[in-house]
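Residues per chain, in single letters:
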Amino acid sequence: MENIKKLGFGLMRLPVIGDDRSNIDMEQFKAMADKFLERGFTYFDTAYVYHSGKSEVAFREAVVKRHPRDSFTITTKLPLFSKPNDDERENIFNESMTRLGVDYLDYYWLHALNKDLYEYIEKTDAFGYIARKRDEGKIRHIGFSFHDSPETLEKILTEHPEVEYVQLQINYLDWEDAWVRSRRCYEVATSFGKPVIVMEPVKGGALARLPKTAARIFDEYDSSKSYASWAVRYCASLPNVMMVLSGMSDMAQLEDNTSYMQNFEPLSDKDYEVIAKVSENLKFAIPCTACRYCTDGCPMNIPIPDLFAHYNEYKRDMHKLWEVKAKYAETVKNTGKASDCISCHQCTEHCPQNLDIPTLMSECVTELE
């Protein structure tokens, strides 16, 4: 495990054709996957729900059918939002295997655990289910992705020592965040001896698109490195981090990420000082990571993360109001608008950041409509 390169290809933000998230640009993805493997990286991460279920299929077509099985590792996840019963759980697992076109999974996670879902998981023995799949040889390693408090994480790891890995949201902005508590969750996992896989190192792309005051600090220190590289290397420098996932959407992102992670060097003390200064200059009105879990099932077809991105852009520079309003109008031309929100709250049930989305939609109406 020590020799595995620490950059993982997250398949949640693949290139798409047009506005349809399920219409993956396969030719571009194939070229990206080929380049990723060519540069010595092996770890791919997907989930049953990514790209409306098409992410797993795309991986089969781009990687499984075109590369030897021992040249890559694949992680997928069991969705828990709908609280599947035993039969549904088995059907989901079998469908993932069919979509991916593999005989075994290298890693299989319970997806997006929190305190409420943990109660359901205990009632239905979900950890026992994935452990049995491991014993049957259909899974090699088991774990879970997590969005909740360090106290809940400690409870889960205490009660389930059979878990091998934990996937956590970590980035330099969330390290001391009062809600995400990346540092504390990382410390809990480390204290239990569980290697950490990092998700959202660039906070849904927000740490790659910095406001001028923050960007200037990096530029003056070392203008040769991309803003995203600071975020990814920050996470990869943590001693107990096994893998840092990056949801790469085009070849430029992949080439940048693999360039500095191919022969990764941990950050220096001076690097950490510069990142601390950047963090002090960063503030996002809405801490959305654009995971898009909220959009599946939205009855009004509102592209929630896209509207939040426009709102954040406006709040960073209020002189850009009319420019942002024009972008907003273009975004909602063929979708639901913020004012179409009916406050059904299906989105809030799926949001890992625990955002009060209907209330934030009202703010988008006030500022952008």
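Anyway, here's the lowdown on the structure attached to this text.

The rules behind each value
- Residues numbered from 1 in each chain as written.
- Predicted model: local features only at pLDDT ≥ 70, side-chain atom pairs only at ≥ 80, totals over all residues.
- Heavy atoms only, no water.
- Helix = DSSP H or I, 4+ residues; strand = E, 2+ residues; numbered from the N terminus.
- Contact = heavy atoms within 4.5 Å.
- Areas by Shrake-Rupley, 256 points an atom, 1.4 Å probe, with all protein chains shown as cover.
- Salt bridge = Lys/Arg side-chain N within 4 Å of Asp/Glu carboxyl O.
- Buried < 20%, exposed > 50% of the residue type's maximum accessible area, 1.4 Å probe, protein only.
- Pairing = 2+ DSSP bridges.
- Axes fitted to C-alpha atoms, helices over the stretch in contact; angles between N-to-C directions.
- 1 Å grid on protein atoms, 1.4 Å probe; cavity = no way out; pocket = protein on both sides within 12 Å on 5 of 7 lines; lining within 4 Å.
- Points joined across faces, edges and corners; volume = space filled by probe spheres on them.
- Nonpolar A, V, L, I, M, F, W, Y, C, P; charged D, E, K, R; others polar.
- Parallel < 35°, antiparallel > 145°, perpendicular 65-115°, else oblique.
- Left-handed = near helix turned anticlockwise from the far one by under 90°.
- Core = buried A, V, L, I, M, F, W, Y, C linked by side-chain atoms within 4.5 Å.
- Phe/Tyr/Trp six-rings, centres within 6.5 Å; stacked < 30°, edge-to-face > 60°.
- Lys NZ or Arg CZ within 6 Å of the ring centre and 35° of its normal.

Quick look at the overall build of the protein now. The helix and strand tally for the protein stands at 15 helices and eight strands. Each of the three principal axes of the protein carries a C-alpha extent, and together these read 60 × 50 × 45 Å. Looking at the protein alone, contacts between residues at least 24 apart form 75% of all its contacts between residues at least 6 apart. Carbon and sulfur atoms provide 47% of the accessible area of the protein, an area that totals close to 16200 Å².

Attention shifts here to the pattern of salt bridges. When their charged atoms lie close together, side chains carrying opposite charge are able to pair. Throughout the structure, instances matching the rule amount to 29 salt bridges. In this structure, the salt-bridge partner of Lys30 is Glu27, at a minimum N-O distance of 3.7 Å. Taken together, the residues span about one helical turn, with Lys30 and Glu27 both in helix α1 (residues 26-38) at a distance of three residues. Looking at Lys30, the relative accessible area reads 22%, which means it is partly exposed. In this structure, Glu273 and Lys270 form a salt bridge, with 3.8 Å as the shortest nitrogen-oxygen distance. With Glu273 and Lys270 both in helix α11 (residues 269-280), this residue pair falls three residues apart, about one helical turn. Taken together, the shared-partner salt bridges in this structure form one network comprising Glu176, Arg183, Arg184 and Glu187.

Below, the discussion takes up the sheet that holds strand β5 (residues 139-146). By definition, the strands of a sheet pair up through backbone hydrogen bonds, in either a parallel or an antiparallel sense. Ordered in space as β1-β2-β3-β4-β5-β6-β7-β8, the eight strands form a closed barrel in which the pairing is parallel. Ignoring which end each strand starts from, the neighbouring axes of this sheet average 30° apart.

Before going further, it helps to spend a moment on the layout of surface pockets. Taken as a whole, the second largest pocket spans an internal volume of roughly 390 Å³. Surrounding the second largest pocket, 17 residues form its lining, Asn114, Asp116, Thr348, Glu349 and Cys351 being those nearest its centre. Taken together, the elements giving at least two residues each to the lining of the second largest pocket come down to β4 (105-113), α4 (115-124) and α14 (346-350). By residue class, the composition of the lining of the second largest pocket is seven nonpolar, five polar and five charged.

Within the secondary structure, Ser149 sits in the loop between β5 and α6 (150-159). By relative accessible area, which is 9% here, Ser149 ends up buried. For Ser149, the residues in contact, after removing those within four places along its chain, are Arg181 and Cys185.

Moving on to helix α2 (residues 54-64). Within α2, burial applies to Ser55, Glu56, Ala58, Phe59, Ala62, Val63 and Val64. Residues of α2 that are buried make contact with α1, β2 (43-45), β3 (73-78) and α3 (86-100).

Their axes nearest at 12 Å, the elements α3 and helix α5 (residues 126-135) cross at an angle of 40°. As the angle between them shows, α3 and α5 are arranged oblique. Here α3 runs over α5; the crossing is right-handed. When α3 is examined against α5, the residues Arg89, Glu90 and Phe93 are found in contact with a partner set consisting of Ala126, Tyr129 and Lys133.

Let us look at the nonpolar core. Phe9, Phe44, Leu110, Phe127, Phe144 and Tyr172 are the most contacted members of the largest nonpolar core, which totals 88 residues. With seven residues, helix α9 (residues 227-236) is the single largest residue contributor to this core. Setting aside residues no more than four positions away along its own chain, Phe144 makes contact with Trp109, Leu110, Leu113, Phe127, Leu153, Ile156, Leu157, Val163, Tyr165, Val166 and Gln167.

Bringing the packing of aromatic side chains into the picture now. When we look at a pair of aromatic rings, we describe it by the centre distance and by the angle of the planes. Using the criterion set out here, one finds 23 aromatic pairs in the structure. Aromatic side chains Phe81 and Tyr293 sit 5.5 Å apart centroid to centroid with 55° between the ring planes, which places their arrangement in the tilted category. Of the two residues, Phe81 is situated in the loop between β3 and α3 and Tyr293 in the loop between α11 and α12 (304-316); the sequence distance between them amounts to 212 residues. A relative accessible area of 10% places Tyr293 in the buried class. Where Tyr221 meets Trp230, the ring centres are 5.8 Å apart and the plane angle is 50°; that geometry is what we call tilted. Given the relative accessible area of 1%, Trp230 is considered buried. Connected via pairs of aromatic rings, a cluster forms that spans Phe9, Phe29, Phe36, Phe41, Phe44, Phe59 and Phe72. Across from the ring centre of Tyr104, 4.0 Å away, lies the NZ or CZ of Arg69, which sits over that ring. Directly above the aromatic system of Tyr48 lies the positively charged group of Arg99, at a separation of 4.2 Å from the ring centroid.

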